[in-house]
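What follows is the residue order along each chain.
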Amino acid sequence: MFNLHNRLRNMQLFLAGLSLQTRFLLIFGASSLFLALVIWVVFNSAAERIVERIGTRLAEKQVLYNKAHTLQPLISKVALARQMANNAVIKRWAANEQDPQLYRQALAEIEMLRRHFNDDSHFLALTQSGHYYSNGQRPDNTRQGKQLRYTLDPAKPADAWFYAAIKSGGDYHIDVDSNTNPGVTRILINVPLRDGGKVLGVIGTALEMGGLLTGHTTDVPQSGVSNIFIDHNADIQLYRNINRIDYSSIAKPPSQKHSIDYLLDNLEDRVWVRQSIGQFENGDPIMEKTLHIKGKRYLANSSVATKFVHINGKRYLAGMMALPEVGWYDITLLDMSVLLPQHDFLEMWLAIGGVALVLMAILLLSLHRLVLRPVAVLTAASDHIRRGDYTDILPKKGSGEIGQLTAQFQAMRHAVHKTHNWMEDEIRKRTRQLRDAKEMLEVSLQQEKNSRENLANLLSLMAHEIRSPIAVIGNTAQMLNVLAQSERPDWQPRIEKIMGAVLQLAVLMNKFLDEDRIGMKDNELGMQMGDLNIFCAELAGTLAANHDRSIRYSPWNGDAMLLADWHLVGIAIGNLIDNAIKYSPPDSDIDLRIVQNKADTLCVEVTDQGQGISPELQQRIFTEKFIRGKHGSKIRGTGLGLYLSNWIAMSHGGYAEVSSKPNSGSTFRICLPLRKIT
């Protein structure tokens, strides 16, 4: 592999070092050879198509000739034998062989039909008794009337044809036989005698072939053409080589038959014969239009299937046609080396080669004068431009396309020079602008960062400083409320409003202080081990007392120990319970329970009976600040609680989620991992 790579690399270097004229000569020579090969392939393909058409027509004529002359007696005897097998009188006698009256009537019918046979020979074998009747020649070369000749025996190989014909299931069977008399070949026609589904016997006749196998009837009187006759199993029935004929094929096992497969060299050719037989038997159209499929050619308006096949290493054009009258198929073989010898095209190839050489010389001379020399000058000028030298070295005059190309190259040289100078100026200008913009952006970002930090610090400071005044106002309001109960009851409603406003302001400040902790990292949390069951039970009791509201609590029935910042966890769960109290009817149930969502996760669920949350808000309430539902304007709150709860869950490696439908209440869930101290 390494050597091949080196050779290819050396070949590329060699071609790169050649001049344009030499490379063009090599390319033109290779193209000429390729064109010659293409012409040869196209011409040879066209010649093969012509010969194939001629062969197809010749095969049709040969089949018609065989049907009209050689096979006509056989076709006639098949038709008459089938007529005899369909005779009702003969069928009744075959079913009742011992009836003398039926026997005489059957003999009369057979005698009448016998006159249609030229050699006066026929036979009838019955299934029930095994009796064989015949009027053919006796061993002493004399003829007798129709009489019982012998009884068939299933154990005798000579009688196997009868039992095979009964089991064959076809309307008739034609069998080639050469065992009766030495040197005499006969074609036996066997037609089953049926009464409904029952086979009563076999009736038929024999035809002596004489010179049929070796004479002109199986070979067209033309060199390079021969014929083969096969049956539906592709077994050879007639062929000029009599040793290849499948004699007595009806009684032979498949392993002993002489199939056409023994003649064909390739499996593809054998498959084609079987496929063509299947098409003929199924009545499929063989050729409705001109097609080429894997070496097969189908011609329009023809009943012949054609293909190039190989027999004994030699290539033939095979044309195949069905002979339904006898159940055979005729294959005509055309020897292409005889019909279309290659030496007939030698003069044509010599003429093509001479013309190609002359055209190559003229083209090279013209190419050098009109193209190669001007291109060399343009190449040198391009190299000057590549080095930054815009000096004009091109000739001032030129003609044709090369002259136009030179003029355009000159214009391009001036344009490139001008564009090069302009681009250098623009690059310098844009670089200065980008540098200034970067410096301004960095200053703006720093100012924005400082402003955000100052604002956050100011809000945190305000929240912390306002807590003390809020506590003083709250305590004072509580004391005034106690005094008002006994001294001035009319002040009590106003004092209660003051206390509610103070409480709301305190909640708001706590939210801001809690939010201020969002910037902390995980390792800055106050993580401690604790039992979530106990923590939620205490929290539920405290919140129920503070809000004067019933909270149903369901702990987890397993180990609920986990590592957490319990102050933040209390804020998160308190926000969920606070929302459930605010957004659900006063007397409705609020459920607090702990469930295990996954093997390593515990979830705190708070379920209310409120009006639910729309799907679009469910996607935002945990990730955006100050998001409130459609009833939020009537209920106190800031819209920060769920945002903080989600942050607290995420800072512990967990998450927050909600399941809610409009008018069906909501279930808020904070899930925390069961992390242990390591």
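Residues numbered from 1 in each chain as written. Predicted model: local features only at pLDDT ≥ 70, side-chain atom pairs only at ≥ 80, totals over all residues. Heavy atoms only, no water.

## Focus on the overall build of the chain
Logical step 1: Within the chain one finds 15 helices and 20 strands.
Logical step 2: Going through the 678 residues of the chain one by one, you find that 38% of them count as buried.
Logical step 3: Summed over all atoms, the accessible surface of the chain reaches about 39800 Å², with 57% contributed by carbon and sulfur. (Helix = DSSP H or I, 4+ residues; strand = E, 2+ residues; numbered from the N terminus. Buried < 20%, exposed > 50% of the residue type's maximum accessible area, 1.4 Å probe, protein only. Areas by Shrake-Rupley, 256 points an atom, 1.4 Å probe, with all protein chains shown as cover.)

## Points about the nonpolar core
Logical step 1: Counting residues in each nonpolar core, the largest one holds 41 residues, and the members touching the most others are Leu 532, Ile 573, Ile 577, Leu 592, Ile 621 and Phe 668.
Logical step 2: Contributions of two or more residues to this core are made by helix H12 (532-547), strand E16 (561-564), helix H13 (566-582), strand E17 (590-598), strand E18 (601-608), helix H15 (641-651), strand E19 (655-660) and strand E20 (666-673).
Logical step 3: If we skip the residues at most four places from it in the chain, Leu 532 touches Tyr 553, Ala 560, Leu 562, Trp 566, Ile 594, Leu 602 and Val 604. (Core = buried A, V, L, I, M, F, W, Y, C linked by side-chain atoms within 4.5 Å. Contact = heavy atoms within 4.5 Å.)

## A word on unusual backbone geometry
Logical step 1: A positive phi angle, close to 65 degrees, is found at Ala 234, a residue other than glycine.
Logical step 2: Assignment of secondary structure puts Ala 234 in the loop between strand E7 (225-230) and strand E8 (236-239).
Logical step 3: Phi is positive for Asn 312, close to 55 degrees, though the residue is something other than glycine.
Logical step 4: Residue placement: Asn 312 occurs in the loop between strand E11 (305-311) and strand E12 (314-323).
Logical step 5: Relative accessible area serves as the criterion here: at 65%, Asn 312 is assigned to the exposed category.

## A word on the packing of H12 against H13
Logical step 1: Packing of H12 against H13 leaves a shortest axis separation of 11 Å and a crossing angle of 45 degrees. With respect to H13, the axis of H12 lies oblique. In this structure, H12 meets H13 at a crossing whose hand is right-handed. For the pair formed by H12 and H13, the contact residues are Leu 532, Phe 535, Cys 536, Leu 539, Leu 543 and His 547 on the first element and Trp 566, Val 569, Gly 570, Ile 573, Gly 574, Ile 577, Asp 578 and Ile 581 on the second. (Axes fitted to C-alpha atoms, helices over the stretch in contact; angles between N-to-C directions. Parallel < 35°, antiparallel > 145°, perpendicular 65-115°, else oblique. Left-handed = near helix turned anticlockwise from the far one by under 90°.)

## A short note on H15
A turn of α-helix holds 3.6 residues, and therefore any two residues three or four places apart point the same way.
Logical step 1: Most of H15 sits inside the fold, with ten of its eleven residues counted as buried.
Logical step 2: For H15, the full list of buried residues reads Gly 641, Leu 642, Tyr 643, Leu 644, Ser 645, Asn 646, Trp 647, Ile 648, Ala 649 and Ser 651.
Logical step 3: With its phi angle positive at about 85 degrees, Gly 653 sits one or two positions after the end of H15.

## Section: the pattern of salt bridges
Logical step 1: As enumerated under the stated definition, the model contains 14 salt bridges in all.
Logical step 2: Residue Asp 269 pairs with Lys 307 through a salt bridge whose shortest N-O separation is 2.6 Å. Placement of the pair is Asp 269 in helix H7 (residues 267-282) and Lys 307 in strand E11, with a sequence separation of 38 residues. The pair Asp 269 / Lys 307 is uniform in exposure class, with both members buried.
Logical step 3: Here Asp 578 makes a salt bridge to Lys 582, at a shortest N to O gap of 3.3 Å. Of this pair, Asp 578 and Lys 582 both sit in helix H13, four residues apart, which is roughly one turn of that helix. Lys 582 carries the same exposure label as Asp 578, and that label is buried. (Salt bridge = Lys/Arg side-chain N within 4 Å of Asp/Glu carboxyl O.)

## Points about the sheet that holds strand E15 (residues 551-554)
Logical step 1: One open sheet accounts for five strands, arranged E15-E17-E18-E20-E19; its pairing is mixed. Every other strand in the sheet has two partners, leaving E15 and E19 as the edge strands with one partner each. The sheet shows a mean angle of 25 degrees between the axes of neighbouring strands, taken without regard to direction.
Logical step 2: Here E18 pairs with E20 via eight bridges, running antiparallel. Counterpart to Leu 602 in the pairing with E20 is Leu 672. (Pairing = 2+ DSSP bridges.)

## Comments concerning the pairing of strand E6 (residues 198-208)
Logical step 1: Most of E6 sits out of view: nine of its eleven residues are buried.
Logical step 2: When strand E1 (residues 123-126) meets E6, the two strands line up antiparallel, connected through four bridges. Looking across to E6, one finds that Ala 125 is bridged to Val 202.
Logical step 3: Both strand E5 (residues 186-195) and E6 contribute to a ladder of ten bridges, which runs antiparallel. Within E6, the position partnered with Arg 194 by the bridge is Val 199.
Logical step 4: Joining the antiparallel neighbours E5 and E6 is a turn of two residues, in which Gly 196 adopts a positive phi near 70 degrees.

## Structural notes on the state of the cysteines
Logical step 1: Scanning all chains against the criterion turns up one disulfide.
Logical step 2: A sulfur-sulfur distance of 2.1 Å marks the disulfide that ties Cys 603 to Cys 671. Disulfide Cys 603-Cys 671: the torsion about the S-S bond is 105 degrees, which places it as right-handed. Taken together, the positions of Cys 603 in strand E18 and Cys 671 in strand E20 put the pair 68 residues apart, joining distant regions of the chain. This pair shows no difference in class: Cys 603 is buried, exactly as Cys 671 is. (Disulfide = S-S within 2.5 Å.)

## Thoughts on the environment of Ala 79
Logical step 1: Relative to the helices and strands, Ala 79 resides in helix H3 (residues 72-85).
Logical step 2: With relative accessibility at 45%, the residue Ala 79 sits in the partly exposed group.
Logical step 3: For the pair Ala 79 and Tyr 172, spaced 93 residues apart in sequence, the C-alpha to C-alpha distance is 10.0 Å.

## Overview of the environment of Ile 110
Logical step 1: In this fold, Ile 110 is placed in helix H5 (residues 100-114).
Logical step 2: Residues Ile 110 and Asn 87 lie 23 residues apart in sequence; the distance between their C-alpha atoms is 9.2 Å.

## Observations regarding the packing of H13 against H15
Logical step 1: Orientation of H13 relative to H15, taken along the N-to-C sense of each, is 145 degrees, at an axis distance of 9 Å. The interaxial crossing formed by H13 with H15 has left-handed handedness. Where H13 approaches H15, its residues Leu 568, Val 569, Ile 571, Ala 572, Asn 575, Leu 576 and Asn 579 are matched on the opposing element by Gly 641, Leu 642, Leu 644, Ser 645, Trp 647 and Ile 648.
Logical step 2: Taken together, the residues of the contact of H13 with H15 sort by class into nine nonpolar, four polar and no charged. (Nonpolar A, V, L, I, M, F, W, Y, C, P; charged D, E, K, R; others polar.)

## Notes on the packing of aromatic side chains
Logical step 1: Tallied over the entire structure, the rule returns eight aromatic pairs.
Logical step 2: Both rings, one in Trp 93 and one in Tyr 133, keep their centres 5.2 Å apart while their planes meet at 70 degrees; by these two values the pair is edge-to-face. A residue pair is termed long-range when its members are at least 10 positions apart, and Trp 93 in helix H4 (residues 88-95) and Tyr 133 in strand E2 (residues 131-134) qualify at 40 residues. Across the pair, Tyr 133 and Trp 93 agree in class, each one buried.
Logical step 3: Geometrically, the ring pair formed by Phe 280 and Tyr 329 is tilted, given 5.8 Å between the ring centres and 35 degrees between the ring planes. In this pair, Phe 280 is assigned in helix H7 and Tyr 329 in strand E13 (residues 328-335), connecting sequence segments 49 residues apart. Like Tyr 329, Phe 280 is buried.
Logical step 4: Aromatic ring contacts, followed pair by pair, group Trp 93, Tyr 103 and Tyr 133 into a single cluster.
Logical step 5: In this arrangement the basic side chain of Arg 315 is found over the ring face of Phe 308, its NZ or CZ atom lying 3.9 Å from the centre. (Phe/Tyr/Trp six-rings, centres within 6.5 Å; stacked < 30°, edge-to-face > 60°. Lys NZ or Arg CZ within 6 Å of the ring centre and 35° of its normal.)

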